[in-house]
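Observations on chain architecture
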Amino acid sequence: SEDLCFKSKEILKISEAKNLKLLIGPSHHYREIFTLINESKKATRKINSPWSLSIKFHPSTKFKSIIKMACYILNLSVENSSVEMFDLAQKYDGLITKDSSSAADFLLMGKTVFFAGEKYPPEFLQNNLAMPLKELPEMIRGEISYPAENHYLARQVFLKNYLNV
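Just so we're clear, the structure is a prediction, and the values are computed from it rather than from any experiment.

Of the regular secondary structure elements, the chain holds eight helices and six strands. Mapped from its N terminus to its C terminus, the chain presents α and β elements in the order α-β-α-β-α-β-α-β-α-β-α-β-α-α. Within the span of the chain, comprising 165 residues, buried residues form 47% of the whole. Contacts in the chain between residues at least 24 apart in sequence constitute 56% of all its contacts with a sequence separation of at least 6. Total accessible area on the chain stands at roughly 8800 Å², and carbon and sulfur atoms take up 53% of it.

In this section: the confidence of the model for the chain. In this model, the chain carries a mean pLDDT of 76, and residues with pLDDT of at least 70 account for 70%. Looking at the elements of the chain, mean pLDDT is at its lowest for helix H1 (residues 2-12), recorded as 44, and at its highest for strand E3 (residues 77-78), recorded as 92. Ignoring residues within four places in sequence, the model shows residues 1-17, a span with pLDDT below 50, making 35 contacts including any to other chains.

So, about the environment of Leu107. Tracing the sequence through the fold places Leu107 in helix H5 (residues 102-108). Measuring from C-alpha to C-alpha, the distance between Leu107 and Gln156 comes to 9.8 Å, with 49 residues separating the pair along the chain.

If you walk through the whole model with that rule in mind, you get zero aromatic pairs. The ring of Tyr92 carries Lys21 above its face, with NZ or CZ at 5.4 Å from the centroid.

Rules behind the numbers
Residues numbered from 1 in each chain as written. Predicted model: local features only at pLDDT ≥ 70, side-chain atom pairs only at ≥ 80, totals over all residues. Heavy atoms only, no water. Helix = DSSP H or I, 4+ residues; strand = E, 2+ residues; numbered from the N terminus. Buried < 20%, exposed > 50% of the residue type's maximum accessible area, 1.4 Å probe, protein only. Contact = heavy atoms within 4.5 Å. Areas by Shrake-Rupley, 256 points an atom, 1.4 Å probe, with all protein chains shown as cover. pLDDT = per-residue confidence, 0-100. Phe/Tyr/Trp six-rings, centres within 6.5 Å; stacked < 30°, edge-to-face > 60°. Lys NZ or Arg CZ within 6 Å of the ring centre and 35° of its normal.

Rendered as structure tokens:
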């Protein structure tokens, strides 16, 4: 409801002093995991304020222990696989994903979703529900802004359809 409008504006106007906490939410494909990590690191490297990246693996990800070691080497914290994305949405400012149903959980909590890669789910970006990850640094510096009213209305429509109300 009204809360979503205010929450969606918060991340779009992050001050340089805020410690931005982003969660990477990949599918179970290990190539996607490393693609998302790489693109997330590139985008956040251009941010002058404090930030942190964490990752939560899909429950059916194979070779988790090996991938976890790589994440620790890359200075990523790893969330517990048994924690639901909806619960994690309360802890993080936004989600970085490629094409994940987890986006809905973050949108339900009024959080911003960033899509990485060249192909985005059209239903999200065309409806102002998410932002391209490559634009994150410019958004934080205030160089790019998205129409908050369109973002708010798009969320309302999406949530109504998602919840089938």
